[in-house]
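Understanding the architecture of this molecule
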Amino acid sequence: MRDINTIDVDVVIVGAGFAGMYQLVQMRRAGLSAVVLETADDVGGTWYWNRYPGARCDILTVDYSYSWDPELEKDWIWSERYATQPEILRYAQFVADKHDLRRDIRFNTKVTSAQWNSDAKRWRIHTDSGNDVTAQFYVMATGCLSMPKVPDIEGTDRFNGEVYFTNSWPHDGVDFSGKRVAVIGTGSSGIQSIPIIASQADQLTVFQRTPNFSVPAHNGPIADERLVAYRQDPAAYREEARHSGIGVPTTPADVSALEVSPQEREATYEEVWQRGELAHLLEPYNDLRISAESNDTIRCFIHNKIREIVKDPEVAELLCPTNHYFATKRPCLDSGYYATYNLPQVRLVDLQKQPIETITESGINIVNPAISAKEKTESMAFDAIVFATGFDAMTGAIVGVDITGRNDESLRDAWAHGPQTYLGLMTVGFPNLFMITGPGSPSVLSNMMVSIEQHVDLITDTIKHLRANGVDTIEPTELAQRRWVQHSNEIADLTLLPTANSWYMGANVPGKPQVFLPYPGGVGEYRKICEEMVTRGYLGFALTGADGTQSNDGVIRPLKPDVQELLSIMAEMALPPLETMGVEGARAFMEASGANMPPGPEVGEIIDGTLPGADGTPLAYRLYRPATAGPHPMVAYYHGGGWVVGSATSDDPLCRYLCVKSDSIIISVNYRHAPEARFPAAADDGLAAANWISDHAEELGGRPGQLSVAGWSAGANIAAVTTQQAKLAGTPVIAGQVLLNPATDASTVRQSHIDNAEGYVLTTSLMNWFCDQYCDPADRINPKASPLLADTLSGLPPALVITCEFDPLRDEGDAYAEALAAAGVQVQHLQCPGQTHTAIPAVDAMVTSEYARVAMADALRKFSSAAVVGH
Ligand code: N01
């Protein structure tokens, strides 16, 4: 039965901060009934609660304002570069007044729980005011940093003096004059409030667990080139922000911090330091987020700034962050923070060396071995303690509501091991529940205003689409969600971000699962992904209406992020197809592009020599010897390049890698190339080389009887053929074969030739051109060209076969691995999702394929040690 206090609406929105306010506007514009539920007694969200002294935004206010009402841009003039909390709150109130928002907001109403009713296809939201709301759509606009972290310090309840939390500050303000004050925490809130509290208090003691990077705001009237750019064309300015990395117009760098002289770097850092904008600090060089060595340069620069400002060298050292890279924890923007420690009434306590023992009735006890050898406790008396200890970020406010979805599953349980979302927008099992800037979206790594507006617009368009198409519910698919979480983590893993114990990782809340929470790929890329999701018919979502469920299952970003990045760069270069360059042109091009790859590791020794090919032609080889004491197992390696291009140089990084990691001598053999020497020249040279290496093992420093073969692409074809020919001939004895993206059957068109025909460097057209150069159509059924077609594969040595999802050769490699296994050969078959034909040999350039290179080296070690046992 329906309760008379129940309100039924189309959309319920929780939270009346900037996200909830705009969502309400959009719902009204869409002609939907909506109600906003808000715990506070007014709008403003984070700016309502965080009224601590010194609270300001740390993104220029010109960037941190709504773009959806062009009139606002004329009606509201910000007074400073970085507006204070009261001014931002007034702005939120001004917007609420202008758009008459309060009439649809229920203030002083806290949402306690929410349940999905599968029959009614509606949410029921329970509140502490006793009024329930039912709605078809439920939007959590609860903010990323709105659930205060519960104090986890012993004795917190015992203190009899004044206690304040920066994130729920008294509305009438606090006067610390004449008081002894403790501040615990040196994140953004601590760093903004400490200078002001220090200016009032009689004594201020700051308890620092981790020093943080902070940059001077150089606040003042708005009068810089950014404002000029904005005023000239606000629409274009906003559009640039939407497609940028962090939601603020910036110019991405194309140079590494290590590519410029120390003097130039220092001058650049000085310039960005003086500009006083966080958005610009990571901008000057393209690798500050990914390279520890590069990040160290800016880290050292800021350390030196701290040492210049803080007069006591010991205090300065304590303030220098050394346990995390710059921007791996959220950096801060301050007004006079470091100089505060020059004031006589300010003391810094380093909790790493002097941890808090307990909070007492009158103050704080710390462990201080310097006091005396016997009694190590130092008791400090305070009149007030300020907790600037942060938030249960990103997930706290969402799971703070007891949400129950389909099949009575609780969101807390579903997220017990970390949040699972698709695009940071929705989660499996919770139909029609949207999160604005949820975990898995750029959110806290961006200008929140830009990310809020993008999500609100996307949610609005989605709801309109569902309504227009008679769809009742929308929910992500398992696959789409799982792969999105994986994709987001894989991007994070390419950066330094997960290396810090930050709230981005959930590391600040004891017991919280540690996973990287926001999406780190940038707001521009994220926007593109969302647009693509929509244009591909809500890819990754299941939509249910009267006509049943339409599940548009799929993965929005199936390529590994580094592979995707390289392909995008190559696409921008618009290179002509290799097959149109002619044989010599293609060879020259491959040689030149190989020279631009990271070189691979140092090996003990490299020797260039020649060995006789099948027809007596001298074949160049390059021998890579490990630095360890020999003799070593040996590997005959055949480079890739479609039997036409390539050389020892083109596969040099991979050969170095395999040499070091497998502790083997790698001999990279330059077999004869087509079209000058067509089939079966390369195949015959492969066998001749293997025989020669086996016969000369001792003089080459190798161990007789421990010869394996390896190769990539056409080289893997030669390795496979060599292994078969060696078995037929009885010599040489081959311990094992490592076949990376092997070409195994030139006679048949397979699905992967069609699916991956274009866009992944090795195209089907290029593959066919290579084949044409190498062999006549009649030869393609010959097992020396197509080893998959051999009469039998039984008795062959063990194999590692590696195939990549986005490779035209994938299916023939997979077929070969399956055929080997079916013939009783020991096979390790490694199928690499999200990888392309060229990704795995790219040592040090492609990080996500490292595991496949490790597998190659491990296999070679295993083959040679098994050969010893067998011997
Ligand atoms: O919180 P924080 P915040 N004992 O988590 C320490 C945004 N924001 O409120 O680093 C002792 O950053 C903790 O130490 P550690 C902004 O995104 C924006 O300051 O965990 N210390 C840390 O020093 C920001 O990042 C603005 O070792 C303890 C501090 O408390 C985010 O909000 C302004 C402790 C918490 O720092 C959060 O900032 C303010 C313990 N038990 C905030 N527990 C703008 O300008 C925690 N700490 C827009």
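Refer to the structure printed above.
If you're wondering where the values come from, they're calculated on a predicted model, not measured in any experiment.

**Observations regarding helix 15 (residues 448–468)**
If you check helix 15, its first and last C-alpha atoms are 30 Å apart, about what 21 residues at 1.5 Å a residue would give, namely 30 Å. Positive backbone phi, approximately 65 degrees, marks G470, located one or two places after helix 15.

**Some remarks on the environment of E239**
Relative to the elements of secondary structure, E239 occurs in helix 7 (residues 234–242). Judged by relative accessible area, which is 38%, E239 ranks as partly exposed. Once the C-alpha coordinates of E239 and W116 are considered, the two residues, 123 residues apart in sequence, prove to be 37 Å apart.

**Some words on the sheet that holds strand 29 (residues 827–836)**
Neighbouring strands of a sheet are bound in pairs by backbone hydrogen bonds; such pairs are parallel or else antiparallel. A sheet is described by the order of its strands in space; here eight strands give the open sequence 22-23-25-24-26-27-28-29, paired in mixed fashion. At either margin of the open sheet sits one strand with a lone partner, and together these are strand 22 (605–612) and strand 29. Across the sheet, the axes of successive neighbouring strands diverge by a mean angle of 20 degrees, strand direction being ignored.

**A few points about empty space enclosed by the protein**
Counting across every chain of the model gives eight cavities of 30 Å³ or more. Each pocket or cavity is described by its volume, and for the largest cavity that value is around 80 Å³. In terms of lining residues, the largest cavity is bounded by D63, S65, S67, Y237, R238, A241, R242, G247, N447, M449, V450 and E453. Secondary-structure elements contributing two or more residues to the lining of the largest cavity are helix 7 and helix 15. For the lining of the largest cavity, the element with the most residues is helix 7, which contributes four residues. Here the lining of the largest cavity is composed, by residue class, of four nonpolar, four polar and four charged.

**Description of the side chain of S713**
When you line up the elements, S713 lands in the loop between strand 26 (702–712) and helix 23 (714–729). With a relative accessible area of 9%, S713 lands in the buried category.

**With respect to the pairing of strand 21 (residues 548–552)**
Note that strand 20 (residues 541–545) and strand 21 share five bridges and pair antiparallel. For A542, the partnering residue across the bridge sits in strand 21 and is S551. Hairpin connection between strand 20 and strand 21: a loop of two residues separates the two successive antiparallel strands.

**Re the state of the cysteines**
The tally for this structure, following the rule as stated, stands at zero disulfides. Among the cysteines around C655, which has no disulfide bond, C659 carries the closest sulfur, lying 9.0 Å off.

**Let's talk about a nonpolar patch on the surface**
Side chains of I569, M573 and L575 sit close together on the surface and give an oily, nonpolar patch of about 260 Å² of accessible area. Structurally, L575 can be placed in the loop between helix 18 (561–573) and helix 19 (582–595).

**Some thoughts on the pattern of salt bridges**
In a structure, side chains of opposite charge can pair up when their charged atoms sit close to one another. Counting across every chain of the model gives 46 salt bridges. A salt bridge links E361 to R158, with the nearest nitrogen and oxygen atoms 3.2 Å apart. Here the residue E361 occupies a position in the loop between strand 13 (356–359) and strand 14 (363–367), and R158 occupies one in the loop between strand 6 (133–140) and strand 7 (162–165), the gap between them amounting to 203 residues. Across the pair D745 and R750 runs a salt bridge, and its minimum N-O distance is 2.8 Å.

**Here we look at the nonpolar core**
Counting 65 residues, the largest nonpolar core has I13, F18, Y66 and F434 as the members making the most contacts within it. Once you skip the residues sitting within four places of it in the chain, I13 turns out to touch G20, Q23, L24, M27, A34, V35, V36, L37, V139 and A141. Formed by 61 residues, the second largest nonpolar core is a distinct cluster that contains A586, V644, F679 and L762.

**Concerning helix 10 (residues 292–309)**
Between the first and last C-alpha of helix 10 there are 25 Å, a value that for 18 residues agrees with the 26 Å anticipated at 1.5 Å per step. Three or more residues of helix 10 are buried, namely S294, N295, T297, I298, R299, F301, I302, H303, K305 and I306. Its buried side turned inward, helix 10 meets strand 10 (214–216), helix 8 (262–275), helix 9 (278–281), helix 11 (313–319) and helix 12 (337–340).

Conventions adopted
Residues numbered from 1 in each chain as written. Predicted model: local features only at pLDDT ≥ 70, side-chain atom pairs only at ≥ 80, totals over all residues. Heavy atoms only, no water. Helix = DSSP H or I, 4+ residues; strand = E, 2+ residues; numbered from the N terminus. Expected span 1.5 Å × (residues − 1). Buried < 20%, exposed > 50% of the residue type's maximum accessible area, 1.4 Å probe, protein only. Pairing = 2+ DSSP bridges. Axes fitted to C-alpha atoms, helices over the stretch in contact; angles between N-to-C directions. 1 Å grid on protein atoms, 1.4 Å probe; cavity = no way out; pocket = protein on both sides within 12 Å on 5 of 7 lines; lining within 4 Å. Points joined across faces, edges and corners; volume = space filled by probe spheres on them. Nonpolar A, V, L, I, M, F, W, Y, C, P; charged D, E, K, R; others polar. Disulfide = S-S within 2.5 Å. Patch = residues over 30% accessible without salt bridge, like charges linked within 9 Å, V, L, I, M, F, W, Y side chains within 5 Å. Areas by Shrake-Rupley, 256 points an atom, 1.4 Å probe, with all protein chains shown as cover. Salt bridge = Lys/Arg side-chain N within 4 Å of Asp/Glu carboxyl O. Core = buried A, V, L, I, M, F, W, Y, C linked by side-chain atoms within 4.5 Å. Contact = heavy atoms within 4.5 Å.

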